[in-house]
Amino acid sequence: TMKNTPQTYTQEEKEALAKGAKIYLDCIDSKHKTKDMKSPDVRVEMIGVHLEGDNQTTGIASTIVDASNVECAAYEFQALYSRRMKKHAKERGTIELETKKMSDSDHCVYYFTTRQVGSSVLHPRQTRCKVIWEKKANGTIIIDVADTEELLEEFPVQAGSVLVKIHTVWVFEPLDHTGDVPQTAVTFTTKVNLCVLFYLLL
C-alpha cells in the first residue's frame, strides 16, 4: 500500500503531518542546544534537544537500516496493531493496548496505551494517539504520532490514570544502495513529559 497506492488526506490530516514535520526540522536545526544521550544500542545515536521557549524535552534517535524506506515504515506502522505487539506489550510495561483502524483509510490508525511507569504506587500513564503516515514526492515517508481527543466515548480516559501528552515523528529517508542492499536513514523524534521520556525511548 505504501509503495503503490495513492492516498487522499483530509485538511486536518495535512495540518497534523505538517506540524509533525516541523518538529523534526526544528530538532535537526543546529542552532538549538543538544545533549548526547546514552543509547541502549550501539548502532543508534541519541541526543536530547532543548527548543527555545519549550518546556518539554525532545529526544532524537537515528540510525541506518539495511532495508528500503517502504519496508521500514510499513513494518513500524503495522506493528502498532499486530498480534505480536499485543502479545508482548506487557513485557514492556503496557497494561492495556487498544488500536482501531479506520475502514475508509489505509494511512491512519488510533493507538491507545496504558503503561505502568516505575513503582506500582505511581499512577499509570495513558496515551491517546492518532497515527498517520505520508509518502512525500521525494520518497521520504513520515509517520506522525500525535495526541487526539477523538473516540473518547469508545476509548475513554481511565479513572486513576495520568494522561501523557506526547508527539512522536518517524522519518524514513531513502539513501543510495550499498551494493544490492537498500539503505534507509531512520530518525525517531519525540516530545514528551520529562518524567517518562527516557522510559518511552527504551
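No experiment lies behind these values; they were computed from the predicted model shown. In every chain, residue numbers begin from 1 and rise along the written sequence. Reporting in this predicted model follows two pLDDT cut-offs: at least 70 for local features of residues, and 80 or more for side-chain atom pairs to be given and counted; totals over whole chains, interfaces and linings ignore these cut-offs and use all residues. Working from all heavy atoms in the structure, the side-chain values ignore hydrogens and water.

Asker: Could you give an account of the pattern of salt bridges, naming the residues involved and the relevant values?
Answerer: Two side chains carrying opposite charge are able to pair once their charged atoms lie near each other. Take a side-chain nitrogen of Lys or Arg and a carboxyl oxygen of Asp or Glu: if they are within 4 Å of each other, that pair is a salt bridge. Per the stated rule, a full pass over the model turns up 5 salt bridges. We note a salt bridge from Lys22 to Asp26, for which the minimum N-O separation is 2.8 Å. With Lys22 and Asp26 both in helix H1 (residues 11–27), this residue pair falls 4 residues apart, about one helical turn. As a salt-bridge pair, Glu154 and Lys100 come within 3.1 Å of each other at their nearest N and O atoms. Remark: Lys100 occurs in strand S4 (residues 94–101) and Glu154 occurs in the loop between strand S7 (141–147) and strand S8 (162–163); sequence separation between them is 54 residues. Lys100 gets classed as partly exposed once you look at its relative accessible area, which sits at 27%. Per the convention used, a helix needs a DSSP run of H or I reaching at least four residues, while a strand needs a run of E reaching at least two, with both numbered from the N terminus. Only protein chains enter the area calculation, which uses a 1.4 Å probe; residues under 20% of their type maximum are buried, those over 50% are exposed, and those in between are partly exposed.

Asker: Break down the side chain of Gln7 for me, with residues and values.
Answerer: Mapped onto the elements, Gln7 comes out in the segment before H1. Assessed through its relative accessible area of 19%, Gln7 is described here as buried. Within 3.5 Å is the distance limit for a polar contact, defined as a pair of N or O atoms, with the added protein rule that one can donate a hydrogen and the other accept it, and that residues adjacent in sequence qualify only through two side-chain atoms. A polar side-chain atom of Gln7 sits 3.2 Å from the main-chain carbonyl oxygen of Thr5. At 2.8 Å, the side chain of Gln7 forms a polar contact with the side chain of His107. Every residue in contact with Gln7, bar those within four places of it in the chain, is listed here: Thr1, Asp106, His107 and Trp133. It only takes one pair of heavy atoms within 4.5 Å for two residues to be counted as in contact.

Asker: Summarise the nonpolar core; cite the residues concerned and give the values.
Answerer: By size, the foremost hydrophobic cluster in this structure holds 30 residues, and its most contacted members are Met2, Phe77, Val131, Ile143 and Phe172. Contributing elements (two or more residues each) for this core: helix H2 (69–79), strand S5 (108–115), strand S6 (125–135), S7, strand S9 (166–178) and strand S10 (181–192). Setting aside chain neighbours within four positions, we find Phe172 in contact with Asn69, Cys72, Ala73, Glu76, Gly139, Thr140, Ile141, Ile143, Thr184, Ala185 and Val186. Counting 5 residues, the second-largest nonpolar core is a separate cluster that includes Ala21, Ile142, Val169 and Val171. Here, nonpolar core means buried Ala, Val, Leu, Ile, Met, Phe, Trp, Tyr and Cys residues that are tied together by side-chain atoms lying within 4.5 Å of each other.

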